[in-house]
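Descriptive structure summary
This is what each chain is made of:
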Amino acid sequence: MNALKGCLRHARLLPVAALAGVLLLLAFDTAAFWGWHLRPLASVDGMEIAVWAVLWGTALAPALRWMVLRESRMRFQVAAALGVMIAFSVLHPWHNGYAVPAEMPIRAAGDRTVPPDAVVKFEGGPLTPASPERW
């Protein structure tokens, strides 16, 4: 019974640890992409789904507690989760549109001009270097 109380006492730190893990992944992926020219970890569908599930879970669960139970201290966790969502969308090279997959037509042709030799193609999975050829 005492161990259960200890686990529950530390469970309140789980959302903070989850958000810190996403921020750590963001920092690592940014360094891997810009510094070492490797494909980011969050470019894989499974990792992307896990990251967004953590972000939405850490935002929606306290938002519901805030609305239903009127726990106003939950607004800080909601704000932190929304801030990490915005930071991940803006700063991550795979999610802000800088390193979009070539097969995904998410931008109109006139939106952004890219020199023909600036397109890099990643053939392998995460943390693999780009192909030596430019497309």
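Below, the structure is looked at part by part. (Residues numbered from 1 in each chain as written. Predicted model: local features only at pLDDT ≥ 70, side-chain atom pairs only at ≥ 80, totals over all residues. Heavy atoms only, no water.)

**Notes on the packing of aromatic side chains**
- Taken as a whole and assessed by the stated rule, the structure comprises three aromatic pairs.
- Measuring from ring centre to ring centre gives 6.2 Å for Phe-28 and Trp-36, while their planes differ by 55°; the resulting arrangement is tilted.
- Since its relative accessible area comes to 34%, Phe-28 is described here as partly exposed.
- On the numbers, 5.8 Å between centres and 85° between planes, the contact of Trp-52 with Phe-88 is edge-to-face. Taken as a pair, Trp-52 in helix α3 (residues 45–69) and Phe-88 in helix α4 (residues 74–91) lie far apart in primary sequence, 36 residues in all. (Phe/Tyr/Trp six-rings, centres within 6.5 Å; stacked < 30°, edge-to-face > 60°. Buried < 20%, exposed > 50% of the residue type's maximum accessible area, 1.4 Å probe, protein only. Helix = DSSP H or I, 4+ residues; strand = E, 2+ residues; numbered from the N terminus.)

**Points about the layout of surface pockets**
- Estimates place the volume of the second largest pocket at around 240 Å³.
- Only α2 (14–35) and α4 provide two or more residues apiece to the lining of the second largest pocket. (1 Å grid on protein atoms, 1.4 Å probe; cavity = no way out; pocket = protein on both sides within 12 Å on 5 of 7 lines; lining within 4 Å. Points joined across faces, edges and corners; volume = space filled by probe spheres on them.)

**Here's the deal with unusual backbone geometry**
- Here the phi dihedral of His-37 falls at roughly 55°; this positive angle occurs in a residue that is not glycine.
- With respect to the helices and strands, the residue His-37 is situated in the loop between α2 and α3.
- A positive phi angle is found at Arg-70, which is not glycine, with a value near 60°.
- The exposure class of Arg-70 is exposed, given its relative accessible area of 67%.

**Here we look at a nonpolar patch on the surface**
- A cluster of nonpolar side chains, contributed by Leu-64, Met-67, Val-68 and Leu-69, occupies part of the molecular surface with about 440 Å² of accessible area.
- Its place among the elements puts Leu-69 in helix α3.
- Owing to a relative accessible area of 53%, Leu-69 belongs among the exposed residues under this scheme. (Patch = residues over 30% accessible without salt bridge, like charges linked within 9 Å, V, L, I, M, F, W, Y side chains within 5 Å. Areas by Shrake-Rupley, 256 points an atom, 1.4 Å probe, with all protein chains shown as cover. Salt bridge = Lys/Arg side-chain N within 4 Å of Asp/Glu carboxyl O.)

**Here we look at the nonpolar core**
- Among the nonpolar cores identified, the biggest contains 12 residues, and these are Leu-19, Val-22, Leu-25, Leu-26, Ala-42, Val-51, Leu-55, Ala-59, Ala-81, Val-84, Met-85 and Phe-88.
- Those elements giving two or more residues to this core turn out to be α2, α3 and α4. (Core = buried A, V, L, I, M, F, W, Y, C linked by side-chain atoms within 4.5 Å.)

**A look at the packing of α2 against α4**
- Relative to each other, α2 and α4 sit at 15°, their axes nearing to 11 Å. The orientation of α2 with respect to α4, classified from their angle, is roughly parallel. α4 is crossed by α2, and the crossing has left-handed handedness. In this structure, α2 contributes Pro-15, Leu-19, Val-22, Leu-23, Leu-26 and Thr-30 to the contact, and α4 contributes Gln-77, Ala-80, Ala-81, Val-84, Ala-87, Phe-88 and Leu-91.
- For the contact of α2 with α4, the per-class residue count stands at 11 nonpolar, two polar and no charged. (Axes fitted to C-alpha atoms, helices over the stretch in contact; angles between N-to-C directions. Parallel < 35°, antiparallel > 145°, perpendicular 65-115°, else oblique. Left-handed = near helix turned anticlockwise from the far one by under 90°. Contact = heavy atoms within 4.5 Å. Nonpolar A, V, L, I, M, F, W, Y, C, P; charged D, E, K, R; others polar.)

**Let's talk about the environment of Val-78**
- Considering the arrangement of structural elements, one finds Val-78 in helix α4.
- With a relative accessible area of 11%, Val-78 lands in the buried category.
- Separated by 15 residues in the primary sequence, Val-78 and Ala-63 place their C-alpha atoms 6.1 Å from one another.
- Beyond its immediate stretch of four places on either side in the chain, Val-78 contacts Ala-59, Pro-62, Ala-63 and Trp-66.

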